[in-house]
Structure formats: C-alpha cells, structure tokens
Amino acid sequence: MVESSIILKFIYAMIHGYGRIHVFFAESTAFKGMKWIFQLPARLFRNGFENNEAIIEESAAYRLLDYITGRLHLLIGLFLFFMVVLPFDAWNNMYALTGNVLLVVLFAIKTVIREDSRLSAVSVSVYGFIFALSVLLAFVTSIDIMLSLRFFVFYVDAFLLLLIIVSEIDSMEKFEGMFKVFLAGVTLTGIYGIIQWIIGIPVSSSQMDVTIESNLVGRVYSTIGNANNYAEVLVLSLPFYAAFFLNGKRLLGKLVYIAMAMPVVLSFLLTYSRSSWLGLAFAGIIFILFVNWRLVPVFAVIGLAAFPFLPASIRGRIMTIFSGDSSSSMRFIIWKQVMPAIKDFWATGTGLGSDIFIRIMRRYPVEKEAVHAHNIYLQILFETGIFGFLSFLGMQLHLLVDSIKTTKKYKNPKANNYIYAAVSALFGFLFIGLVEYVWHDHRVMLFYFMVVGVLIASLRNAKEA
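Cut-offs and rules
- Residues numbered from 1 in each chain as written.
- Predicted model: local features only at pLDDT ≥ 70, side-chain atom pairs only at ≥ 80, totals over all residues.
- Heavy atoms only, no water.
- Helix = DSSP H or I, 4+ residues; strand = E, 2+ residues; numbered from the N terminus.
- Buried < 20%, exposed > 50% of the residue type's maximum accessible area, 1.4 Å probe, protein only.
- Contact = heavy atoms within 4.5 Å.
- Areas by Shrake-Rupley, 256 points an atom, 1.4 Å probe, with all protein chains shown as cover.
- Core = buried A, V, L, I, M, F, W, Y, C linked by side-chain atoms within 4.5 Å.
- Patch = residues over 30% accessible without salt bridge, like charges linked within 9 Å, V, L, I, M, F, W, Y side chains within 5 Å.
- Salt bridge = Lys/Arg side-chain N within 4 Å of Asp/Glu carboxyl O.
- Expected span 1.5 Å × (residues − 1).
- Bend = angle between axes of the 7 residues up to and from the residue.
- Polar contact = N/O pair within 3.5 Å; in protein donor to acceptor, adjacent residues only side chain to side chain.
- Axes fitted to C-alpha atoms, helices over the stretch in contact; angles between N-to-C directions.
- Parallel < 35°, antiparallel > 145°, perpendicular 65-115°, else oblique.
- Left-handed = near helix turned anticlockwise from the far one by under 90°.
- Nonpolar A, V, L, I, M, F, W, Y, C, P; charged D, E, K, R; others polar.
- Arc of directions from axis to C-beta.
- Phe/Tyr/Trp six-rings, centres within 6.5 Å; stacked < 30°, edge-to-face > 60°.
- Lys NZ or Arg CZ within 6 Å of the ring centre and 35° of its normal.

J.: Tell me about the overall build of the protein chain, residues and numbers included.
T.: When helices and strands are counted, the protein chain shows 19 helices and zero strands. Counting all 465 residues of the protein chain, 51% fall into the buried class. In the protein chain, of all internal contacts separated by at least 6 residues, the share reaching a separation of at least 24 is 80%. As presented, the protein chain carries roughly 21,900 Å² of accessible surface, and 69% of it is formed by carbon and sulfur atoms.

Written as structure tokens, this is what we have:
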C-alpha cells in the first residue's frame, strides 16, 4: 500500500499547485474535447430551434417548457424536498435516478431555448473528474461487473445531481429559492421524528450497547430508516439554517428560521448518533472559525455549561464515547481486517459496492463480518484504488482551500455565509466518515453531492458577482 508520506506530499502539492493544475486541465485538449461532446446536442438542436423560432414560440408546448425551465431551480428544490420527506418504506432508489434524468432533460431543453444556459462542467475541479474516471475504471475492472452495476448507477445518479445543481444554480437568488424548499422538507422530517419519539420507538440492541447504557430509549430515524443515516442528513442540513438566520434582514425572518430549526435539532439529539453529534460539533467549529474565530472559546464554554442540563439518556450516550462499547471496538476490528485486502487491491480497487466488499472479504480471515468498511476513506480506497482515494481527498481539500481564498478575497457577507454553511456541513459529514461509511444509504450519498454542488455553485457565483 502507498506510504503515508506520498499521500502527504500529494496533499501539499494539491494545495500549493492547484491553480496551475486547474488552468492546465481547463485548457487541455482532452477537457475541451469532452466539453465539446457534452455541448454538441444543445448546439445541434439550437440551430434547428433558431431556424424555426417564430413558429415554435407560438406553440403551447414551448410556452410551458419556457415557464418550467425558467423555474428549474425550484424543481430541483422540490425534488430534494420529495427525496428527504418520503418515508423509508415508500422510498425506491429508482425515484432518484428518474428525477435526476428528468432534471437533466429539462436543463438540456433549457440550453436549446435559452442561449445563456450552458453546462458548467468546468466548475467541477480536476480532482472531481479524476474521481469520476476512477469510479468508471473501478466499475470496468470490477471482479464482478454485474455486482458493481447497481452501485455504478448510484454514482451516475449522484454525479448527475451534482452537475445539474452546478449548472443551474448560477445566482444567489436561485440558491435561496432551491434551498428554502429543501429546508422546509428537512423541518417536516424533524417534526415527524418528534412524533415518532412521542409514540414510542422500540430499543434495538443492534444500534445501542444495552450492556453499558442506562435510560435506554428508541432512536429516532424519521423518514430515512436508520438513526445514524438520518443524523448524517441533518449534519448536512443544519448549518444552512444558521446561514439563512444570519442573512435574514428582519427579526421575523430570523425567528422563522429558528422555529424551523428547533424540531430538527431536537430530532437530531433523539437520533442518539454519537458520530453525528461529534460531526455537527466539528461543523460548528468550522462555521465559527469562518465567521469569527474569537467566538470558538465562547461557544465551547456554552456547550460545556449546557451539558448538565441535557436529558440523562443523552448525557449517558455522550459518555459512552469516552468509556467505549461494543460498537466502537467492532470498528477497530473491521478496519484491521480490511487492510490485507486493500494491500492486495490498492492499485485499481476491487470494484464498486458492498456486494463486492462482502465477496472479497470472504477470501480473508475475519473476526467480525461486515457489509462495508465503516470508514468512507477505507471504503473508497477498497473500491476504487489509490487514484480514486487521492482524487476524493483532492476534491475535499480543493473545496476547503478555494472557500478560504474566495471568502477572503470577495467581501460579500451574504454569499460568504452560504459558503461557510456548505463547507462546515461538508467537513462535519466527512468527520463522521472517519467512523462510518456515510454513503451506505443512497439518499445520504445524494445529499452529500447536493452540498458539494451547492458549494461549487456558490463559489462560482461569489467570484462572478
């Protein structure tokens, strides 16, 4: 396996040389050729549209499509709303793929009838393209391509959502319109989670160590179906409530966002997800560091002072972080037994998905059976190899560095608050990924790519503004 020193050198080179790499990539023949292929259908249809524009514009179908595509950002918001509020038992991953394909088709139509609309592929960093190519390579070279097919479709689905958000959200107004609709859905899941808790949730020994925890209560999972997965969605969402609160012009508007966030925060606590609690704390630190680093000690003191006033069940759950339990020890066992497989397949990976993971791990002696590596970084390295792993790290570090540079250079408090929210949500989520495979649930994976898309679009909008 590649030594850690090589990884550190890669990170250093990425931070200090990214600008030159990105310019080289954007001006390369390969990228220009790929961009030309992507935009070819729009150009061909555009020529036909311009030749018959007077006739087409008189049709009812044109007027309907013009109206819809002019509000595509709201449709994306409704799609995200639908994705977060639909209960787990009613959810089907085909809904996401169908929705994303429909949004892409509508955006393609928009590029034909609106000359100022273009696919913003160049906004996605070189590391994002390398990661996408690594995923494709892992699929093609999989030990069982049919086992990987379903998971390859998941990645395609996620990349489509990323691309449509980056391309469509070309103004702060569109971002706000889209995200307000999504946050309304998140608030509804918080209310549903509280109702779920009031009615009563059975305690699951698979989710809590009943031998060391007292005051056991069932863990809220709301619409997502798993308490940890639901908490991960909330870590990706909660920082945006803070951004909208800070950007509120009137007291009433600020109070609305506080009211919307309250059931979400309560449901988040009732998930009893320790990794996500730590992830949100980490996200909060990043957000405060961006806004005003001097406030970090103040909020740390407030957090410690509030601890004795928390319910006994939550205090007890927090203390198990330090005392340890079967769940924590299980992760160390899984990480250790995954290493031999990573050493054998570090170059190209094994292929995509938990089905491949289970099959490969049967070749090795295991103390604890698992369906994934319980760590997003190990899982990506396991599936896609070293290039997928390094490009994934490159994506995250580039977004962080670009966010710091952009918010320092462009003094736009309103735009910067949204960037702060996206960066803190992203890295709070990635912090959870140290102990969880946070893409195990496809909806959670999609929400991660949603935040990445929002961050890329926000950075571009801040620079263009």
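J.: I'd love a proper account of the nonpolar core, names of residues and values included.
T.: As a rule of thumb, nonpolar side chains are buried together in soluble globular proteins. The biggest cluster of nonpolar side chains holds 122 residues, and the ones touching the most others in it are Leu 80, Phe 179, Phe 240, Trp 439 and Tyr 448. No other element matches the 15 residues that helix α19 (residues 442-464) contributes to this core. Leave out the neighbours within four places in its chain, and Tyr 448 touches Leu 236, Phe 392, Met 395, Gln 396, Leu 426, Phe 429, Leu 430 and Trp 439.

J.: Quick one: what's the story with the environment of Asp 355, residue by residue and with numbers?
T.: By the secondary structure assignment, Asp 355 is in helix α16 (residues 354-361). Here Asp 355 falls in the partly exposed class, since its relative accessible area comes to 26%. Taking C-alpha positions, Asp 355 is 8.9 Å from His 372, a pair spaced 17 residues apart along the chain. Setting aside residues up to four positions removed in sequence, Asp 355 forms contacts with Leu 147, Arg 150 and Phe 151.

J.: Explain a nonpolar patch on the surface residue by residue, including any values.
T.: Judged by side-chain polarity, Leu 188, Ile 191, Ile 195 and Ile 199 come together as a nonpolar surface patch covering roughly 380 Å² of accessible area. With respect to the secondary-structure elements, Ile 199 resides in helix α9 (residues 172-199).

J.: Please set out unusual backbone geometry residue by residue, giving values where relevant.
T.: At Ser 222, a residue that is not glycine, the phi angle is positive and equals roughly 50°. Take Ser 222: it is sitting in the loop between α9 and α10 (227-247). Its identity as a non-glycine residue notwithstanding, Tyr 272 has a phi of 55°, on the positive side. Following the sequence through the fold, Tyr 272 ends up in the loop between α11 (251-270) and α12 (274-292). Judged by relative accessible area, which is 3%, Tyr 272 ranks as buried.

J.: A description of the pattern of salt bridges should follow, citing residues and the corresponding values.
T.: With the rule as written, the count across this model stands at eight salt bridges. Residue Lys 174 pairs with Asp 170 through a salt bridge whose shortest N-O separation is 3.1 Å. Classification of Lys 174 by relative accessible area gives buried; the value is 16%. Asp 170 gets classed as partly exposed once you look at its relative accessible area, which sits at 40%. We note a salt bridge from Lys 414 to Glu 176, for which the minimum N-O separation is 3.3 Å.

J.: So, helix α17 (residues 376-409): which residues are in play, and what are the values?
T.: Its 34 residues place the ends of α17 only 33 Å apart at the C-alpha level, less than the 50 Å of an ideal helix rising 1.5 Å per residue. By the largest-angle criterion, Gly 385 marks the main kink of α17, which is about 135°. Of all 34 residues making up α17, 28 are buried, and the element is well covered by its neighbours. Where α17 begins, the side chain of Asn 375 points an oxygen toward the backbone nitrogen of Tyr 377, at a separation of 2.8 Å.

J.: Let's hear about the packing of α17 against helix α18 (residues 413-432): which residues, and what values?
T.: Contact geometry of α17 with α18 gives a least axis separation of 11 Å together with a crossing angle of 155°. On the basis of their axis angle, the class for α17 and α18 is roughly antiparallel. Two packed elements cross with a definite hand, and for α17 against α18 that hand is left-handed. Judged by residue contacts, Tyr 377, Phe 392, Gln 396, Leu 399, Leu 400, Ser 403, Thr 406 and Thr 407 of α17 engage Asn 416, Ile 419, Tyr 420, Val 423, Leu 426, Phe 427 and Leu 430 from α18. A per-class count over the contact of α17 with α18 returns 10 nonpolar, five polar and no charged.

J.: Could you give me a rundown of the packing of α12 against α18, with the residues and numbers involved?
T.: Running from N to C, α12 and α18 cross one another at 150°; their axes reach a closest spacing of 8 Å. Classified by the angle their axes make, α12 and α18 are roughly antiparallel. α12 and α18 meet at a crossing whose hand is right-handed. Listed contacts from α18 to Ser 275, Ser 276, Leu 278, Gly 279, Phe 282, Ala 283, Ile 286, Phe 287, Phe 290 and Val 291 of α12 are Asn 417, Tyr 420, Ala 421, Val 423, Ser 424, Ala 425, Phe 427, Gly 428, Phe 431 and Ile 432.

J.: Explain α16 residue by residue, including any values.
T.: Of all the residues in α16, the buried ones are Ser 354, Ile 356, Phe 357, Ile 360 and Met 361. Angular distribution of buried residues about the axis of α16 spans 155°; they occupy a single face of the element.

J.: I'd love a proper account of the packing of aromatic side chains, names of residues and values included.
T.: In the structure shown here, the tally under the stated rule is 34 aromatic pairs. Among the aromatic residues, ring-to-ring pairing joins Phe 131, Tyr 155, Phe 159, Tyr 377, Phe 392, Phe 429, Trp 439, Tyr 448 and Phe 449 into one connected group. Positioned above the aromatic ring of Phe 245 is the side chain of Lys 254, whose terminal nitrogen or guanidinium carbon lies 4.8 Å from the ring centre.

J.: Give a description of the environment of Ile 285 that names residues and reports values.
T.: Structurally, Ile 285 can be placed in helix α12. In this structure the C-alpha to C-alpha distance between Ile 285 and Ser 424, which are 139 residues apart in sequence, comes to 8.0 Å.

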